[in-house]
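# Fold and geometry: a report
Residues per chain, in single letters:
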Amino acid sequence: MRIIKYQKQKQGKYLIELENGTEIETYEDLILKYDLLIKKRVTPDLLQSIQEENAIYELYFVALKYLKVRMRSTLQLREYLLKKGYSDDLICSTMERLKLQGYLNDEIYGRSLVHDSISFGVDGPIKIKKELHNLDITEGQIDQILSEYTEDIELSKIEKLVLKHIRSNHSKSGYSLKQKIYQHLLNLGYHSSLIEQKLSLVVQGDEGEKKIYQKEYQKLYRKLSRKYTGKELEYQIKQKMFQKGFHSGDVC
């Protein structure tokens with residue numbers, strides 16, 4: 001069949017019209033590969049080959065577009081392409097091609113994840129390690145990646161987070177604040193032993209403990225004095241203050 005028309009499309013594609021009215025959308029690379037600009041003819045076998053290779057090119061460009069938005073892991077890309085309905089064989093061959101070209105690299109992806117967390121995020125190494133495991137990155141690669149998240153860096157980030165909590169504390173006792181910070185940092189994936197090293201900053205930095213105690217005491221007094229008086233009022237206030245983590249001996 002003779003080719004009677006070429007029409008350029010977006011993303012390096014061409015629409016080819018055959019003499020029988022059939023239209024084929026294919027890629028510029030395939031037009032050059034099969035010398036279609038010179039021969040201007042296609043056989044049924046060649047047409048089938050072009051259609052099969054179209055699927056390979058289409059998948060490659062879909063994957064490449066997904067990776068160019070931001071870096072992804074092998075697992076993330078695979079799951080994305082499976083949802084798009086592509087076959088396992090095509091996905092595997094495409095991912096191998098992308099790996100060879102340097103577009104897909106789990107170790108580089110993991111390192112970027114760590115760098116972002118260190119520079120801009122709040123997650124600790126334990127949480128990052130779990131995330132890398134969930135992405136099917138190998139244990140050896142994870143060890144290499146996390147070697148950049150040193151103990152000194154972890155301690156520095158813990159200290160910043162502890163001081164941030166201290167500065168924003170307006171109602172909690174030193175004891176309650178410590179408990180809250182400890183649990184919060186554990187959830188973020190920091191090591192408990194390193195958190196404990198920095199929790200001493202709560203006592204050293206909490207110069208407003210007396211002020212907070214008095215503020216909470218007055219708040220409870222106003223609320224409970226509507227219902228209690230005398231010793232019963234004092235007892236109820238002390239009970240509530242105790243529940244909040246304050247002890248009468250903590251503040252002069």
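Look above for the structure.
So, a few notes on the structure that sits alongside this text.

### Description of helix α4 (residues 74-83)
- Taken together, the buried positions of α4 are occupied by Thr74, Leu75, Gln76, Leu77 and Leu81.
- Residues of α4 that are buried make contact with α3 (44-69), α5 (88-100), α6 (106-119) and α7 (125-134).
- Remark: Gly85 follows α4 within two positions and exhibits a positive phi of approximately 95°.

### Details of the layout of surface pockets
- The volume enclosed by the largest pocket comes to roughly 200 Å³.
- What lines the largest pocket is Gln11, Lys13, Tyr27, Glu58, Phe61, Val62, Leu64, Lys65 and Lys68.
- In terms of residue count, α3 provides more of the lining of the largest pocket than any other element does, six residues in total.
- Tallied by class, residues from the lining of the largest pocket come to four nonpolar, one polar and four charged.

### Quick notes on the pattern of salt bridges
- Considering all chains together, one arrives at nine salt bridges under this definition.
- For Glu53, the salt bridge is made with Lys33, and the minimal N-O distance between the two is 2.8 Å. One end of the pair, Glu53, is in helix α3; the other, Lys33, is in helix α1 (residues 28-33), and 20 residues separate them in sequence.
- Among the ionic pairs, Asp88 bridges to Arg78, the shortest N-O distance being 2.9 Å. Here Asp88, found in helix α5, pairs with Arg78, found in helix α4; they are 10 residues apart in sequence, far enough to count as distant.

How each quantity is defined
- Residues numbered from 1 in each chain as written.
- Predicted model: local features only at pLDDT ≥ 70, side-chain atom pairs only at ≥ 80, totals over all residues.
- Heavy atoms only, no water.
- Buried < 20%, exposed > 50% of the residue type's maximum accessible area, 1.4 Å probe, protein only.
- Helix = DSSP H or I, 4+ residues; strand = E, 2+ residues; numbered from the N terminus.
- Contact = heavy atoms within 4.5 Å.
- 1 Å grid on protein atoms, 1.4 Å probe; cavity = no way out; pocket = protein on both sides within 12 Å on 5 of 7 lines; lining within 4 Å.
- Points joined across faces, edges and corners; volume = space filled by probe spheres on them.
- Nonpolar A, V, L, I, M, F, W, Y, C, P; charged D, E, K, R; others polar.
- Salt bridge = Lys/Arg side-chain N within 4 Å of Asp/Glu carboxyl O.

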